[in-house]
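Residue-level structure breakdown
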Amino acid sequence: MTISENKERMLQELIRERERCRDACQRLLDAREPSRRRQVELWRDINGDSSPMPSPLPDPEEDTALFEDDPRVDAPIHIDYGTNIRLGSNVQLNYNCTIIDTCLVSIGSRTLVAPNVSFYSGTHPLDPQLRNGTRGPETGKEIHVGEDCWIGGGAIILPGVTIGRGSTVGAGSVVTKDVPPFHVVAGNPARIIRKIETTMSKELSESDRKD
């Protein structure tokens, strides 16, 4: 098989994965107000998570409680592949979130993501000759958001960014650089506004010293 044939196969596979994810996102949207169980099923479909669901319980409240720690993802959501996303326990993605998961996008446990937030892990060459419209290469860098963060509405997180644990990103911010743990950043480009005083940061420092 020639290099061009291999390339064509890979391109077709990527197209199929994007189509699969698009259809899965549409199913979540079409569900309108799904039960908690159904919401989790639909997210796992988007994410490519094949882990078995717990058996249904007859009491609706008890059944809902089974998924207390599963991510809560509200429609509509816009995602390229889905399988390059890792969400921790008790994460919330509010409606109209966009995730370009060309590379891994990970979001730590108990992090809250407000409406209209975008995570862009994909990028293109700056040289327009190399970029070549839709025919040029798409590359990217991973995005990592730590545990216990809060990403304000309309924020944009750019490729290669790591947001440290417990940090807050102000609404409408464009995050171009790493954010240290337990800090507030805001603006375009986002800049550090202040440090967050919390016992969690002290606990983290003590843990680092023990290690």
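Residues numbered from 1 in each chain as written. Predicted model: local features only at pLDDT ≥ 70, side-chain atom pairs only at ≥ 80, totals over all residues. Heavy atoms only, no water.

Below, the discussion takes up the overall build of the protein chain. Each helix and strand counted, the protein chain has 5 helices and 18 strands in total. In terms of its C-alpha atoms, the protein chain occupies a principal-axis envelope of roughly 60 × 50 × 35 Å. For the protein chain, the residues scored as buried account for 36% of the 211 residues in total. When the accessible surface of the protein chain is totalled, it reaches about 12500 Å², and 50% of it is carbon and sulfur. Across the protein chain, the mean location of the 26 positive side-chain charges is 6 Å away from that of the 32 negative side-chain charges. (Helix = DSSP H or I, 4+ residues; strand = E, 2+ residues; numbered from the N terminus. Buried < 20%, exposed > 50% of the residue type's maximum accessible area, 1.4 Å probe, protein only. Areas by Shrake-Rupley, 256 points an atom, 1.4 Å probe, with all protein chains shown as cover. Lys, Arg positive; Asp, Glu negative; His and termini not counted. Charge placed at Lys NZ, Arg CZ, Asp CG, Glu CD.)

With 12 residues, helix α2 (residues 36-47) should reach 16 Å at 1.5 Å per residue; the first-to-last C-alpha distance of 16 Å fits that figure. The buried fraction of α2 is high, at 9 of 12 residues. Of all the positions in α2, only Arg36, Arg37, Gln39, Val40, Leu42, Trp43, Arg44, Ile46 and Asn47 are classed as buried. (Expected span 1.5 Å × (residues − 1).)

Residues Ile46, Ile77, Ile79, Leu93, Phe119, Ile151 and Ile163 are the most contacted members of the largest nonpolar core, which totals 33 residues. Taken together, the elements giving at least two residues each to this core come down to α1 (3-30), α2, β2 (77-79), β3 (85-87), β5 (97-100), β6 (105-107) and β11 (143-145). Here the element with the most residues in this core is α1; it accounts for 4 residues. (Core = buried A, V, L, I, M, F, W, Y, C linked by side-chain atoms within 4.5 Å.)

Glancing now at the pairing of strand β17 (residues 183-186). With 2 bridges joining them, strand β15 (residues 168-169) and β17 adopt parallel strand pairing. Its bridge partner lying in β17, Thr168 is registered against Val184. Hairpin connection of β17 to strand β18 (residues 191-195): 4 residues between the antiparallel strands, including Gly187 at a positive phi of 105°. (Pairing = 2+ DSSP bridges.)

The UniProt record annotates "coiled-coil region" (unreviewed entry) at residues 4-31. With 96% helix and 0% strand, the stretch residues 4-31 has end C-alpha atoms that lie 41 Å from each other. (UniProt positions renumbered as here; feature names shortened; annotations may be inferred.)

So, on to the side chain of Asp63. Mapped onto the fold, Asp63 is located in helix α3 (residues 60-65). Beyond its immediate sequence surroundings of up to four residues, Asp63 is in contact with Arg37, Ser55, Pro56 and Leu57. (Contact = heavy atoms within 4.5 Å.)

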